[in-house]
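Understanding the architecture of this molecule
Each chain is listed here by its residues.
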Amino acid sequence: MFYKNKLATAVSGALCVMVASGVYAQETDTVEKIEVRGVRGSLSQSMNVKRQSTGVVDAISAEDMGKFPDTNLAESLQRITGVSINRVNGEGSEVTVRGFGGNFNLITLNGRQMPAANVASITGNPLDQGASGTTRSFDFSNLASEGVSGIEVYKTGRAAVPSGGIGATININTLKPLAQGDDRASIGVKAMKDEGGDGVTPELSGVANWVNDDGNFGVALFGSYQERDSGSRHMSVENYQLYNWDSTSPGTFGLVDGATVTNAPEEGQLVAMPSNLGIGLNNDNRERVNGMLTVQYAPNDQMTITADATYASNTISSTSIVDGIWFARQFTDMEFDGNPVVATPIRFTEDIDGGKDFFFQNLVMGAKDELKSFGFNVDWWANDALNLRFDASLAEASSGGNGPYGKNVIRFNVAGATAGWQTVDYSQSLPQASIVVDDSIKGNNNGIFDLADVGPQVTRAISSDQTSKVNQFRFDGTWDKGGDLKLDFGLGYLSTEMEQVRYETEAQLGGWGVADVGNIPEGLLEVTCTACAFQDHNMGGVAGADAMAVPAGATTIPLGSVSFRGNAVDLLNAVAPAYGYTPGDLPAVSSANNTVKEDILSLYAMATLEGEIGGFEANLVVGARYERTDVTSISLQSVPEQIIWTSDNDFRVQLGTNTEALSEDHMYESFLPNIDVSLNITDDIKARASYSMTLARPAYNQMYTATSIGAPGRPTYLGGVASGSRGNAKLDPLLSNNFDVSLEYYYDESSMVSVGYYRKDVENFVGTQQVSQSLFGLLDATSGQAGTTSGDAIAALQDRGIEVTERNYFTMTALLANPDAYPNGADDFVEGQLFADEVFAAYDVAPESGDPLLMFEVTQPVNNQSARISGYELAWQHFFGESGFGYQANFTIVDGDIGYDVGADPSLDQFALEGLSDSANIVFIYEKDGLSARIAYNWRDAFLSEVNRSVSSVRNPLFIDEYEQIDVNVSYDFSEDLTVSLDIINLTEEGQRQYGRSYNNTFFVQELDRRFVLSTRYTF
């Protein structure tokens, strides 16, 4: 049974960075040293934190100084009930708690709110390369685990805890020298072999603690350096266009006259059509540096002064190639999957007269994340009953481009106009394609895809940066005379500023039609085989492709079997000047500059009472928190001049030189009560019930005042829709009424079982308001309206009995728009890919006077949704006496009352809860006589990641498929001071799969590899 006294609460403060009542605050100067070594000791300490806390709290504790249970903090957190993680390139990055993703969880370091910045351009997924830094979510991969002494996950709201975490508040504790109490040091050396990378990379870490002879002055120092060389193989689809099936209009779906359709959808049924297929390789390198310094001084028994500094940098570089084909929408055969809700073509073939572009996207990417934090704390016992604490800190997180020319991404496309006939199979776990090479027109006509057939296409560069600053101070107090009542109170001020800047440039070289084959300087490209690197999938192309090929007897090559790889920067520097471009200063196509400031004033009071309820020893905590938040959103708006039609379904936004400054202010107040009751049913059984109100603030990008635009995915005459979006600085925070009940049975020193139920009733979820309107006076060059050039093109095609496809429509419009080049007007039109490619390369179609205004579907976020999330958490930790064997297991059920309707009208926005998924963990443990072994299994069910996938304006959701991973750790203590261990991470080499409205709407498949980490740690 747990009885509160000052010694116990001081221990709790030292270990958990909580005040004497167990609430969130800084440590006291009266501590009891607890020696924790080994897995069982770590789990026992974490169990005691849970047992002694008020509310629902879970914890992870270091096994020893400099030894955290996992090599990654996020991967440690996933062992906690209710916590699941998102992975980037196979490594834990952000956490989801009870269905709420990273933006809805508050991360603190030693009780202080941490700024977050993450420009996620290097994820293995080539479609993430245009990402903007808008996150509130902290990336745990930036911090080395060896410098952390413990982590607590606060799942219920507390008046003393800063607001911002609806899912949870997660506090990371670093070492405090006076709490350690003696002179100790630990040095660790690791060698990592990632089977997706090259060679073995090092990691060095060291942590030292020194305290003077009087025990009143101490220094803790931690430093680490890590390199990781990794890679992955992946497949990607940029988009799925959504239509309603209409058998009377086959051209809408790209079907040519007489095309064969197998397993056709029902009339009016939703159909998802893929735009392309790409397969690629990433080679990624990371260099991470961490440093932490903490100095403590206790001038007397009543006061402790603490100053600390934290630095972290994470530098990532990557080179990548993506081999791909686009579909010309001239399908001769198409077979659907039979899905009764969303039908998807799983096999289709097209014969492209003249050849379509067969592209190779070469990428160089670089990004750097940095975190700097400085803090100062004074803890003073004014008298035996009154403890006062003052804390102030400054912190800044930044993430941005660190590649050549300071860019995040440099992309250089080379291609051959050689895809004469192509067939694809989307029914396989990783879709495949086979292509007949036709180099008779653009190439050396030898029937082999070689360097003479390849030319430059398009180059792009992206600069994207995010900087977040947090300045804060807190004054907290505790009044406790040792009786049945204790009072906590405090006030605080927190100022945050987030700035996001993004700049994208583009230059058309040979163009999408690959006008200039064979002109890439010698030595810049090598012929490789991307498909040959894949390990888990058969990359032999479409079965039976040669038998179907056109012309009869032609031989196909699988996508990825012939690749043209080069360094994107070298290609840019060598080729761009020949087209009149400066490599580091290409023409701008999009620009964003947004700043969001939040100033938060807070007050809280909380009472803790101890007594009896119904004859049971009870603890009651009642508190309330008041906050006032002032928001200012500022955007610098670059005004677009026109949207230029560059080829069949490609567009370019042309920015003007004018910039508009837009600003908006907002203020809201929040009152956040909490009540926690715990009962000691017996010495070993504890029951809890909690109610609290918590809030989470809107995502930064939802509060921008600028209006962004997106070009239509195809000509508007053929159903394309231009998109627009603007933020709303007057959004209120999400408010959640939280209810928790749990029962916990502590039946042995290191064994316990618990079951809990939780419910969150959330209001002010951000939904979408949509209007159709024109923006910036932009005109539509693709309307097909009578009296316009595009309208004349439609009429000319129809008069000649030529099908109005995207290719024919653009070609005829460009021809009519350039009478000097085509004096015979429409009579100069030649149907076929060769003529179209010539026009693509030579001409764009710009809006003209007389074209109608381009209408945009403009969305704006509004607080108009509510939802309920509920679930169960079960946990069981057990050790079999002194045998050394034990296990830790948990299972979490998460349910929400609003899901995504995959069959809903794609013209309408939906509101659905993201991140909801069940999860489970089990860890088998053996620890005895210096030998320690763990086998950990983690499973997370499929979940909705995005309601509207950000890559395009089409309303496609993004689902992440279920994931399971097995990790192994074996260590041996050769002495009390020397330990050698081996970690095997992702033993079974599980990858990742992302999909849309149907499982066959495959957006991304990634092959990942296991990692081996051999480490030695010496403590002295």
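What counts, and at which threshold
Residues numbered from 1 in each chain as written. Predicted model: local features only at pLDDT ≥ 70, side-chain atom pairs only at ≥ 80, totals over all residues. Heavy atoms only, no water. Helix = DSSP H or I, 4+ residues; strand = E, 2+ residues; numbered from the N terminus. Rg over C-alpha atoms; globule rule 2.2 N^0.38 Å. Buried < 20%, exposed > 50% of the residue type's maximum accessible area, 1.4 Å probe, protein only. Contact = heavy atoms within 4.5 Å. Phe/Tyr/Trp six-rings, centres within 6.5 Å; stacked < 30°, edge-to-face > 60°. Axes fitted to C-alpha atoms, helices over the stretch in contact; angles between N-to-C directions. Parallel < 35°, antiparallel > 145°, perpendicular 65-115°, else oblique. Left-handed = near helix turned anticlockwise from the far one by under 90°. Nonpolar A, V, L, I, M, F, W, Y, C, P; charged D, E, K, R; others polar. 1 Å grid on protein atoms, 1.4 Å probe; cavity = no way out; pocket = protein on both sides within 12 Å on 5 of 7 lines; lining within 4 Å. Points joined across faces, edges and corners; volume = space filled by probe spheres on them. Patch = residues over 30% accessible without salt bridge, like charges linked within 9 Å, V, L, I, M, F, W, Y side chains within 5 Å. Areas by Shrake-Rupley, 256 points an atom, 1.4 Å probe, with all protein chains shown as cover. Salt bridge = Lys/Arg side-chain N within 4 Å of Asp/Glu carboxyl O. Pairing = 2+ DSSP bridges. Core = buried A, V, L, I, M, F, W, Y, C linked by side-chain atoms within 4.5 Å.

The subject of this paragraph is the overall build of the protein. Of regular secondary structure, the protein possesses 9 helices and 45 strands. Taken against the 2.2 N^0.38 rule, which gives 31 Å for 1020 residues, the C-alpha radius of gyration of the protein at 31 Å falls within 12% of a compact globule. Dimensions along the principal axes, computed over C-alpha positions, put the protein at roughly 100 × 60 × 50 Å. Counting the 1020 residues in the protein, one finds 60% classified as buried. Considering only residue pairs separated by 6 or more positions, the protein has 76% of its internal contacts joining residues 24 or more positions apart.

This part covers the packing of aromatic side chains. Enumeration according to the criterion identifies 40 aromatic pairs in this entry. Ring geometry for Phe358 versus Phe360: centroids 5.4 Å apart, planes at 20°, classification stacked. Accessibility classification places Phe358 together with Phe360 in one group, the buried group. Centre to centre, the rings of Tyr822 and Phe835 are 6.1 Å apart; their planes meet at 75°, and the pair counts as edge-to-face. Separated by 13 residues along the polypeptide, Tyr822 in the loop between helix H8 (806-816) and helix H9 (833-842) and Phe835 in helix H9 bring together distant segments of the chain.

Orientation of H8 relative to H9, taken along the N-to-C sense of each, is 50°, at an axis distance of 10 Å. Regarding the angle of H8 to H9, the classification is oblique. Judged by the twist between their axes, the crossing of H8 over H9 is left-handed. Each of Arg807, Phe810, Thr811, Ala814 and Leu815 in H8 lies in contact with H9, whose residues at this interface are Gln833, Phe835, Ala836, Val839 and Phe840. Considering only residue class, the contact of H8 with H9 consists of 7 nonpolar, 2 polar and 1 charged.

Quick look at empty space enclosed by the protein now. Looking at the largest cavity, its volume works out to about 550 Å³. If you go around the largest cavity, you meet 37 residues; those closest to its centre are Leu43, Ile60, Ser76, Arg79 and Gln888. Top element by residues in the lining of the largest cavity is helix H2 (residues 38-52). It accounts for 6 residues. Across the lining of the largest cavity, the residue classes break down as 18 nonpolar, 10 polar and 9 charged.

Taken together, the side chains of Phe376, Phe390, Phe473, Phe475, Leu491, Tyr493, Leu601 and Leu603 make up a nonpolar region of the molecular surface, amounting to roughly 650 Å² of accessible area. Looking at the nonpolar patch, the elements with two or more residues in it are strand S22 (455-480), strand S23 (485-508) and strand S27 (588-613). Here Tyr493 shows up in strand S23. Given a relative accessible area of 34%, Tyr493 falls into the partly exposed group.

Going through the model one piece at a time under the given rule, you end up with 38 salt bridges. Across the salt bridge formed by Asp676 and Arg158, the nearest N and O atoms sit 3.4 Å from each other. Taken together, the positions of Asp676 in strand S29 (residues 650-680) and Arg158 in the loop between strand S6 (148-154) and strand S7 (169-174) put the pair 518 residues apart, joining distant regions of the chain. A relative accessible area of 6% places Arg158 in the buried class. In this structure, the salt-bridge partner of Arg474 is Asp476, at a minimum N-O distance of 3.0 Å. For Arg474, a relative accessible area of 14% gives the class buried.

The next point concerns the sheet that holds S7. Read from one edge of the open sheet, 5 strands run S1-S6-S7-S4-S5, paired in mixed fashion. In this open sheet, the two strands that pair with only one neighbour each are strand S1 (57-61) and strand S5 (112-113).

What follows covers the nonpolar core. If you look at the biggest cluster of nonpolar residues, it comprises 63 residues, and the most contacted ones within it are Leu277, Ile325, Phe358 and Phe449. Residues in contact with Phe449, not counting those within four places in the same chain, are Phe358, Phe360, Gly416, Thr418, Val437, Val454, Ile557, Val562 and Phe564. Membership of the second largest hydrophobic core comes to 34 residues, among which are Ala74, Leu109, Leu175 and Ala397.

With that out of the way, let us pick up the environment of Trp245. Its location among the elements puts Trp245 in the loop between strand S11 (240-244) and strand S12 (255-262). You can call Trp245 buried: its relative accessible area is 6%. Between the alpha carbons of Trp245 and Val271 there is a distance of 6.2 Å; along the sequence they are 26 residues apart. Once residues lying within four places of it in the same chain are set aside, the contact partners of Trp245 are Phe253, Leu255, Val261, Ala264, Pro265, Glu266, Glu267, Gly268, Gln269, Val271 and Phe336.

Here Val550 and Pro551 are connected by a cis peptide whose omega angle stands at 0°. For Pro551, the location among the structural elements is in the loop between helix H5 (545-548) and strand S25 (556-558). Positive phi, normally seen in glycine, also occurs at Arg329, with a value near 60°. Tracing the sequence through the fold places Arg329 in the loop between strand S15 (303-326) and strand S16 (331-336).

With 21 bridges joining them, S27 and strand S28 (residues 616-647) adopt antiparallel strand pairing. Bridge pairing links Ser602 to Glu627 in S28. Counting the residues in the hairpin turn of S27 and S28 gives 2 residues, including Gly614, whose phi is positive at 60°. Relative to S29, S28 is paired through 28 bridges, and the arrangement is antiparallel. Residue pairing in the sheet places Ile634 in a bridge with Ser663 of S29. Taken together, S28 and the strand that follows it, S29, pair antiparallel across an intervening segment of 2 residues.

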